[in-house]
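Summary of structural features
The primary structure of each chain is shown beneath.
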Amino acid sequence: MSLFTMKQIIEAAEEKGVKISTVAMEMESKESGLSIDEIKKRMTNNYDIMKNAVSHGINQVIPSVSGLTGGEGFRLWQGKDKGLSGDTILKASSRAMAVSNVNASMGRVVAAPTAGSCGIIPGVLITIGERLGKSEDEIVDALITTAVVGKVIAQNATVAGSEGGCQAECGAASAMAAAAAVELSGGTPSQAGHAAAIALKGVMGLICDPVAGLVEVPCIKRNSFGAAQAILAADMAMSGIESVIPVDEVIKAMGDVGHAMPEELKETAMGGIAASETAKKLEKKLLKNDM
C-alpha cells in the first residue's frame, strides 16, 4: 500500500526503528521497480549536480540572463565571516542563493521541488552535512527524505507557485530541508515531521510575485530565507518543540490557502512587488531590450 501522508510515513519509520529515508526508499522501490542501489545512485547524481551548482555560485559573480540579478550568493559568502547571523545560517543562505544564481543564468540545477526554490535544499544539506561531518552517503539518504516529504506535499497540496504561491515553492522546499536536517542531526522521524510543519507554517500565505515574470526578484533572496528557516525549524524540533498542528494538516492548510489566493498573487507578475512602480519600469525595459 502506498503511503500518502506524513503520519503514515513517520509511523512506519518509528515502528521499524529506521529513518524516514529508509521507508522512502522502500516505498519508491516498490512503486518504481528500481532497486535501493539504483535509487541511491540516481539521488547521488542529483546531489553531485547540487554540489557543482553551489561551487559555481559561491566562487564567482554569475549574472542572470536578464541582468536583473547576479552574485548574491557570492557576495554573502564573501561576507559570512563578518555576519551577524552565525556561520551555519550564513553558509546555508549563501549556498542557497548561489544555486539560485546558477538557475537564473540558465545553468544546471536540480528543481527541488521547483527551479524557483532550487537553492534551499542544497544550501541546507551541504551546510549541515559539513557542520556535522556527515558522509556523502548519509547526505544522500537525507536528500531522499526531502523527496518523500515533497511527494506528500505535492500529492496533498501543491509545490507550484502558479497554484499555491511561493509558500508552495520555497515553503515546501524549506519544509523538506527541515525534515532532512533533523534526520542528519540524529533526530526521530516524529521530530522531522514537526520540523517540516514548523517551517511550512513560517511562510504560510507567502505569495508568488516575480518581477517581470522571471525567477529572480524576489525569488533568489527567498531561497536564502528558506534555508535559514529550515535550519531554525530543525533546531526547534530537536529541542523538543512540537507543532501543535500536525504536519499533514499544515500541508492541507497550505493547499487551501493557495487555492484561496487571487490569481494576481500566483506567479502571474500582476501583484505584490511585481506590480510596484519600479518593477513595472524594469519589466518595460526588459521587454524593450528583447525587441
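For the structure, check the block above.
Residues numbered from 1 in each chain as written. Predicted model: local features only at pLDDT ≥ 70, side-chain atom pairs only at ≥ 80, totals over all residues. Heavy atoms only, no water.

Here's the deal with helix α5 (residues 87-104)
The test is simple: A run of H or I in DSSP counts as a helix once it spans at least four residues, and a run of E counts as a strand once it spans at least two, with each numbered from the N terminus. Helices are assigned an expected span. That span is 1.5 Å times one less than the residue count. Categorising residues by exposure relies on relative accessible area from a 1.4 Å probe, with only protein chains included: less than 20% of the type maximum marks a residue as buried, more than 50% marks it as exposed, and the intermediate range marks it as partly exposed.
Look at α5: 26 Å from first C-alpha to last across 18 residues, which is about the 26 Å you get at 1.5 Å a residue. Most of α5 sits out of view: 16 of its 18 residues are buried.

Overview of the side chain of E216
The test is simple: Throughout this description, a polar contact denotes any pair of N or O atoms lying within 3.5 Å of each other; where both atoms belong to protein, one of them has to be capable of donating a hydrogen while the other can accept it, and for residues adjacent in sequence the pair is counted only when both atoms sit in side chains. We call two residues contacting when some pair of their heavy atoms lies within 4.5 Å.
If you trace the backbone, E216 turns up in the loop between α10 (189-202) and α11 (219-238). A distance of 2.6 Å separates polar atoms of two side chains, one belonging to E216 and the other to T69. Not counting residues up to four positions away in its chain, the partners in contact with E216 are S64, S66, L68, T69 and A104.

Quick notes on the side chain of D141
Along the chain, D141 falls in helix α7 (residues 136-156). Setting aside chain neighbours within four positions, we find D141 in contact with K19, S21, M25, K40 and E183.

Remarks on the environment of A157
By secondary structure assignment, the location of A157 is in the loop between α7 and α8 (161-164). Given a relative accessible area of 17%, A157 falls into the buried group. Here the alpha-carbon distance between A157 and H259, two residues 102 residues apart in the chain, equals 9.3 Å. The contacts of A157, once residues within four sequence positions are left out, are V152, I251, M254 and G255.

Focus: the packing of helix α3 (residues 36-58) against α7
The criterion, for reference: Here an axis means a line fitted to C-alpha atoms, over the contact stretch when the element is a helix, while the angle between two N-to-C directions is reported on a 0 to 180 degree scale. An angle below 35 degrees is treated as roughly parallel, one above 145 as roughly antiparallel, one from 65 to 115 as roughly perpendicular, and anything else as oblique. The nonpolar class holds Ala, Val, Leu, Ile, Met, Phe, Trp, Tyr, Cys and Pro. Asp, Glu, Lys and Arg form the charged class, and all remaining residues, Gly among them, are polar.
With their axes 9 Å apart at the nearest point, α3 and α7 run at an angle of 100 degrees to one another. When the interaxial angle is binned, α3 and α7 end up roughly perpendicular. Facing I39, K40, M43, T44, N46, Y47, D48, M50 and K51 of α3, the residues of α7 in contact are E136, D137, I139, V140, D141, L143, I144 and A147. Considered class by class, the residues forming the contact of α3 with α7 number nine nonpolar, two polar and six charged.

Some words on the nonpolar core
This is how the line gets drawn: The set of buried Ala, Val, Leu, Ile, Met, Phe, Trp, Tyr and Cys residues whose side-chain atoms join them within 4.5 Å is what this entry labels a nonpolar core.
By size, the foremost hydrophobic cluster in this structure holds 78 residues, and its most contacted members are M6, I20, I121, V124, L125, I153 and I251. Among the elements that line this core, the one with the most residues is helix α9 (residues 166-184), at 14 residues. Setting aside its immediate chain neighbours within four residues, L125 contacts I139, A142, L143, T146, A180 and L184.

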